[in-house]
Amino acid sequence: MSRSEYLRLADTVAAEIADGTFRPGDRLPPQRAFAYERKIAVSTASRVYAELLRRGLVVGEVGRGTFISGEARRGVAAPGEPRGIRIDLEFNYPMLPEQTGLIAKSLAGLEQAAALDAALRQATSIGTPSIRSIAALHLSKGTWAAEADQLVFTGSGRQSIGAALAAVVPTGGRCGVEALTYPFIKGIAARLGITLVPLAMDGEGVRPDSVQKAHQEAHLSAIYVQPAVQNPLGTTMSTTRRVDLVRVVEELGLPIIEDNVYAFLDDEPPLASIAPDTCLVIDSLSKMVAPGLTLGFIVPPRHLRESVMASVRSGGWTASGFAFAAAERLMGDGTAAELARLKRVDAHARQKLARERLAGYEIQSHAGCYHLWLTLPAHWRSQSFVAAAARRDIALTPSTTFAVNSGHAPNAVRLALAAPAMDQLDAGLGVLASMLGVGEENFDSTE
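Some words on the packing of helix α4 (residues 99-107) against helix α12 (residues 321-332)
Alright, step 1. Axis separation between α4 and α12 bottoms out at 9 Å; the angle between their running directions is 105°. One way to sum up the angle between α4 and α12 is to call them roughly perpendicular. Between α4, through Ile103, Ser106 and Leu107, and α12, the contact on the second element is made entirely by Ala326, Arg329 and Leu330.
Alright, step 2. Its residues assigned to classes, the contact of α4 with α12 shows 4 nonpolar, 1 polar and 1 charged.

A look at the packing of aromatic side chains
Alright, step 1. Evaluated as defined, the whole model comprises 6 aromatic pairs.
Alright, step 2. Plain terms: the ring middles of Trp373 and Phe402 are 5.9 Å apart, the flat faces sit at 80° to each other, and that makes the pair edge-to-face. Of this pair, Trp373 sits in strand β15 (residues 371-375) while Phe402 sits in the loop between β17 (397-398) and β18 (412-416), and the two are 29 residues apart along the sequence.
Alright, step 3. Residue Phe402 is classed as buried on the basis of its relative accessible area of 1%.
Alright, step 4. Positioned above the aromatic ring of Phe184, the side-chain terminus of Arg158 is 3.5 Å from the ring centre.
Alright, step 5. Sitting over the ring of Tyr93, Lys287 keeps its end group 3.9 Å from the ring centre.

Some words on the sheet that holds β15
Alright, step 1. The strand order across the open sheet formed by 4 strands is β14-β15-β18-β17, and the pairing between neighbours is antiparallel. With partners counted over all chains shown, the strands left at the sheet margins are β14 (362-364) and β17, one partner each.

A look at the sheet that holds strand β5 (residues 152-154)
Alright, step 1. Pairing in this open sheet of 7 strands is mixed, and the strands run β5-β13-β12-β11-β10-β6-β7 from one edge to the other. Each end of this open sheet is capped by a strand with a single partner; those strands are β5 and β7 (195-199). Within this sheet the neighbouring strands show an average axis-to-axis angle of 25°, counted without direction.
Alright, step 2. Judged from the 3 bridges that link them, strand β6 (residues 174-178) and strand β10 (residues 222-225) form a sheet pairing that is parallel.

Looking at the nonpolar core
Alright, step 1. Within the largest apolar cluster, 62 residues are counted, with the highest numbers of intra-cluster contacts made by Ile223, Val289, Leu295 and Phe297.
Alright, step 2. Among the elements that make up this core, the one with the highest residue count is α12 (7 residues).
Alright, step 3. Among all residues touching Ile223, those that are not within four sequence positions of it are Cys175, Gly176, Leu199, Val211, Leu245, Val249, Leu254, Pro255, Ile256 and Ile257.
Alright, step 4. Residues Ile161, Cys175, Leu280 and Trp317 belong to the second largest nonpolar core, which totals 27 residues.

Observations regarding unusual backbone geometry
Alright, step 1. A cis amide bond links Asn231 to the next residue, Pro232, at an omega of 25°.
Alright, step 2. Position of Pro232 relative to the elements: it lies in the loop between β10 and α10 (239-252).
Alright, step 3. Even without being glycine, Lys39 reaches a positive phi, approximately 60°.
Alright, step 4. Counting through the fold element by element, Lys39 comes out in the loop between α2 (31-38) and α3 (42-54).
Alright, step 5. Despite not being glycine, His219 has its phi angle at roughly 50°, a positive value.
Alright, step 6. Secondary-structure assignment places His219 in the loop between α9 (208-218) and β10.

Structural notes on the packing of helix α7 (residues 157-168) against helix α8 (residues 184-192)
Alright, step 1. Two numbers describe how α7 lies on α8: the axes approach to 10 Å, and their chain directions differ by 40°. Classed by the angle they form, the pair α7 and α8 counts as oblique. With respect to the hand of their crossing, α7 and α8 are arranged in right-handed fashion. In this structure, α7 uses Arg158, Ile161, Gly162, Leu165 and Ala166 to contact α8, whose residues at the interface are Phe184, Ile185, Ile188 and Leu192.

Describing α12
Alright, step 1. Between its first and last C-alpha, α12 extends 16 Å over 12 residues, near the 16 Å set by a 1.5 Å rise per residue.
Alright, step 2. Those residues of α12 lying buried are Gly321, Ala323, Phe324, Ala325, Ala326, Ala327, Leu330 and Met331.
Alright, step 3. On the buried face of α12, the contacting elements are α4, α5 (113-119), α6 (129-139), β5, β13 (296-299) and α13 (335-357).
Alright, step 4. Positive phi appears at Gly334, one or two residues downstream of α12, with a value of about 90°.

A closer look at the layout of surface pockets
Alright, step 1. As a volume, the second largest pocket reaches approximately 360 Å³.
Alright, step 2. Together, 20 residues line the second largest pocket, and His138, Leu139, Ser140, Lys141 and Met288 are the ones closest to its centre.
Alright, step 3. For the lining of the second largest pocket, the secondary structure elements donating two or more residues are α6, β12 (279-284), α12 and α13.
Alright, step 4. When residues in the lining of the second largest pocket are grouped by element, the largest group, 4 residues, is from α6.
Alright, step 5. Its residues placed into classes, the lining of the second largest pocket shows 13 nonpolar, 5 polar and 2 charged.

Some points on the side chain of Gln150
Alright, step 1. By the secondary structure assignment, Gln150 is in the loop between α6 and β5.
Alright, step 2. Using a relative accessible area of 9% as the deciding quantity, one classes Gln150 as buried.
Alright, step 3. Residue contacts for Gln150: discarding those within four places in its chain leaves Ile298, Val299, Pro300, Pro301, Arg302 and Arg305.

Some words on the environment of His215
Alright, step 1. Along the chain, the position of His215 falls in helix α9.
Alright, step 2. Along the chain, His215 and Thr278 lie 63 residues apart, while their C-alpha atoms are 16 Å from each other.
Alright, step 3. Among residues more than four places away in sequence, those in contact with His215 are Leu220, Leu252 and Leu254.

A few points about the pattern of salt bridges
Alright, step 1. Taken as a whole and judged by the stated rule, the model has 13 salt bridges.
Alright, step 2. With a shortest N-O distance of 3.7 Å, Arg247 and Glu251 are connected by a salt bridge. Here Arg247 and its partner Glu251 are both found in helix α10, 4 residues apart, which amounts to about one turn of the helix.
Alright, step 3. Since its relative accessible area comes to 43%, Arg247 is described here as partly exposed.
Alright, step 4. For Glu251, a relative accessible area of 54% translates into the label exposed.
Alright, step 5. The partner of Asp267 in a salt bridge is Arg344, and the shortest N-O contact between them spans 2.8 Å. You can see Asp267 sitting in the loop between β11 (256-259) and β12 and its partner Arg344 sitting in helix α13, a full 77 residues away along the chain.

Rules used throughout
- Residues numbered from 1 in each chain as written.
- Predicted model: local features only at pLDDT ≥ 70, side-chain atom pairs only at ≥ 80, totals over all residues.
- Heavy atoms only, no water.
- Axes fitted to C-alpha atoms, helices over the stretch in contact; angles between N-to-C directions.
- Helix = DSSP H or I, 4+ residues; strand = E, 2+ residues; numbered from the N terminus.
- Parallel < 35°, antiparallel > 145°, perpendicular 65-115°, else oblique.
- Contact = heavy atoms within 4.5 Å.
- Nonpolar A, V, L, I, M, F, W, Y, C, P; charged D, E, K, R; others polar.
- Phe/Tyr/Trp six-rings, centres within 6.5 Å; stacked < 30°, edge-to-face > 60°.
- Buried < 20%, exposed > 50% of the residue type's maximum accessible area, 1.4 Å probe, protein only.
- Lys NZ or Arg CZ within 6 Å of the ring centre and 35° of its normal.
- Pairing = 2+ DSSP bridges.
- Core = buried A, V, L, I, M, F, W, Y, C linked by side-chain atoms within 4.5 Å.
- Left-handed = near helix turned anticlockwise from the far one by under 90°.
- Expected span 1.5 Å × (residues − 1).
- 1 Å grid on protein atoms, 1.4 Å probe; cavity = no way out; pocket = protein on both sides within 12 Å on 5 of 7 lines; lining within 4 Å.
- Points joined across faces, edges and corners; volume = space filled by probe spheres on them.
- Salt bridge = Lys/Arg side-chain N within 4 Å of Asp/Glu carboxyl O.

Encoded structure:
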């Protein structure tokens, strides 16, 4: 069978996963049986399974077989099929019951002709003097004051990461990133032709010596870090670690792309407060306000602003005029700040509940964080645990999603706490706690 033919067969199985024929946790037949069913050679079946594994749609478990991954997207259930409640601990967009009313109040009048006319006009990467002034005040924190004339805008935080990467790392270049990092940077870097180099971490985040070592071995062009409420580990760097990291990076002459999207949950100012000429600060409104109403921010050093602006334009990442108009109101009247305050309270409550329900297990996080990192007992493996949770209508994220080098992913999962209602979160955590206490080979039979 030619390469295109076995890839088409892999596409067929992928479609069967998408439409619900196969569900997360289902076991695929042994390769020999699959070959017989599909009337293909066993060697071809092996190539199909390898392709499904490469795409992250299945996970192979030695001695047990090949299972549909917990990362695979299931199809819509047939009407009337009893499935229970799906509890999403995978995606992390906090939405409070009262936030829609607050946002509606802030945006009242935006539908009026004069305001709407301005909002529907073509926008630029630097917005208007008014939005720059309001955004600079909104972003400033502690000892760090964002300068309005340095600001560049995009449509989202992800676009800001892409624009910053493209501005400071050439195609074919290398960027150092936390060994466990925000997953979407992997796809962004791949599309930009950038190689990510994992940086060793400890309980405080990236180790400065690992940056030095990676630069000596791989000649980095920049590093990307999340110094506050890191995703997925929830760690925040101490002042001492920040100073040490900045010192090493400045000695090496590397820019720092500093992702502060979760930093509204913490009091620490950005690294830019001690290294304004080194850091490109990234932020957005997606977590603080809402995923459907967002704006991305980049605060680069002055000498990099033109490169970042050019990157935004060439990438097609300029925000819409309507996003500017909405964000200006939300930041200008204090609604965004009030939502941040309310979400900090909510995150503390959810984190407290999670720690109570998972007491006795190894957890890494931040007291006011919307996610936590759960190291699994030795009798569970990350992908198996995710698949077993999926069979119970609970979506989790395995460690391989965050690992730059998936071959070195720890035996852990990330739990995103933001999406479910508190009673659903409580129920889901209870199910996970019961799973953790039982060996994976015995769990189904003892349920």
